Amino acid sequence: MTGNLIETMRQAMGTLAAYPMRSSLGALAIAVAVATIVIVVTALDGIRAYTEQTTARTFGSDTFVIAQVAGAGRVSRRELREQLERNPPLQRADLAFMERYRGDVTIYAPTSQRRAEVNAGALMIEDATVTGAPASIAAIRQIDLASGRFFSQREADEGTAVAVIGADVQAALFPSSTPSAIRIAGRKFAVIGVQARVGSTGGGSVDKYVWIPLRAYERAYGAPRSYQVFARGAEAVSAVAAEDHARVTLRARRSLPPSAPDNFDVLTPDAARGFVANLSQRIGVAAGPISLMALLAAVVVVTNTVLVSVTQRTREIGVRRALGATRTRIVREVIAESVMLSLLGGAAGGFAAWSIMTGVAAVTGLPIAVQGATLAWALATAAGSGLAASWYPARRAAAADVIAAIRTE
């Protein structure tokens, strides 16, 4: 059995080597199809991984947000208007009540932010996101620092004029010097830290942030109409339990009966990742048919390639049949030729896809990596395509009349 298999593989390899141009074209078709599949799957996996990373950095993996409207960019104008009419602003009294009854379950960090000009001498950045927050925000959101420190609880309580700036703010205001001081709303803030580069999410940069104590923010801009509260569970408290506790507390503060809907908005990490998940799903829907069409085209090319091989070897097949070769053996050889051709093309396509995606990851810094399971699945698909492509040529080779085949020139 093993000897027959080895002989079959040797015969198939000999046939492929005898016609290098024809074999190369068939392998190229499979390589393109496999590369398309691997690139699409890897790109979608990279988008999901990037979304999880940026959400963890900009939102928090186990963090939720409570606000009058927490997801303004994810609802229609009509829904936004209805939420603003239904939900009262989240004010200081609400924050005090939530803090009073948070117990050992939930950690809160009320914030407010706006787009504003930030200056440093003659340099200016126009659209920085200035965020006022308590010191506890560093324990809720993942704020990695490239240098310096975050402001302390004492600085937050006293409203000290200190700031932590994002990487883009540093690049714009301190391109060749150590960050020292900036001006926000005409007030001077000492720069005590620089946030590590995060990247972008939702189409906007997350590196144009300026973090200042909430009290200092209110001195610069006045008390906001409504606060946005970042929250998470305390140690050993699940995100679900913390969210439920926060929701019940605010409902109690607003005296909402059990049957009444919430008159505030809650945004969870899953909801924050929703828009990218929807984008990935839409890309996947479009990419599936494209990959399938490439695969079908490859099957047609391989079928034609093997069929031409069978046709050119009609006399050889007839002679071998006359000398005792069975139809089963001829069929096995045709199938082996097709599958090996497809596997060679699949391996080449997988290597090309790996090289391309590795280069993209190196240039963009995105978390893109071709997984071994993806390559294995792509090679299995290539082998299956080769098997499908061999059906008609193998059937035709087996059905050939021996006498007519021997007489073929």
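Each remark here, short or long, concerns the structure printed above.
1. Let's talk about the nonpolar core
- Grouped together as the largest cluster of nonpolar side chains are 28 residues, with contacts concentrated most on Ile 30, Val 34, Val 38, Ala 298, Val 302, Val 334 and Leu 341.
- Of all the secondary structure elements, the ones that give two or more residues to this core are helix H2 (20–58), helix H11 (274–312), helix H13 (327–364), helix H14 (372–389) and helix H15 (391–399).
- Top contributing element to this core by residue count: H2, with eight residues.
- Not counting chain neighbours up to four residues away, the residues in contact with Ala 298 comprise Ala 29, Ile 30 and Ala 33.

2. Section: helix H4 (residues 92–100)
- Within H4 the residues assigned to the buried category are Asp 94, Leu 95, Phe 97 and Met 98. The buried residues of H4 occupy one face: seen down the axis, they fall within an arc of 165°.
- Against strand E1 (63–67), strand E2 (106–120), strand E11 (228–233) and helix H9 (239–253) lie the buried residues of H4.

3. Thoughts on the pattern of salt bridges
- Counted under the stated rule, the structure contains 13 salt bridges.
- Taking the shortest distance from any N to any O, the salt bridge between Arg 254 and Asp 94 comes out at 3.4 Å. Taken together, the residues Arg 254 in the loop between H9 and strand E12 (265–267) and Asp 94 in helix H4 connect sequence positions 160 residues apart. Grouping residues by exposure puts Arg 254 and Asp 94 together as buried.
- In this structure, Glu 243 engages Arg 247 in a salt bridge whose closest nitrogen and oxygen atoms are separated by 2.9 Å. Linking Glu 243 with Arg 247, this pair stays in helix H9, spanning four residues, or about one helical turn.
- Residue Glu 243 is classed as buried on the basis of its relative accessible area of 17%.
- One connected set of salt bridges, linked through shared partners, spans Glu 243, Arg 247, Arg 251 and Asp 262.

The rules behind each value
Residues numbered from 1 in each chain as written. Predicted model: local features only at pLDDT ≥ 70, side-chain atom pairs only at ≥ 80, totals over all residues. Heavy atoms only, no water. Core = buried A, V, L, I, M, F, W, Y, C linked by side-chain atoms within 4.5 Å. Buried < 20%, exposed > 50% of the residue type's maximum accessible area, 1.4 Å probe, protein only. Helix = DSSP H or I, 4+ residues; strand = E, 2+ residues; numbered from the N terminus. Contact = heavy atoms within 4.5 Å. Arc of directions from axis to C-beta. Salt bridge = Lys/Arg side-chain N within 4 Å of Asp/Glu carboxyl O.

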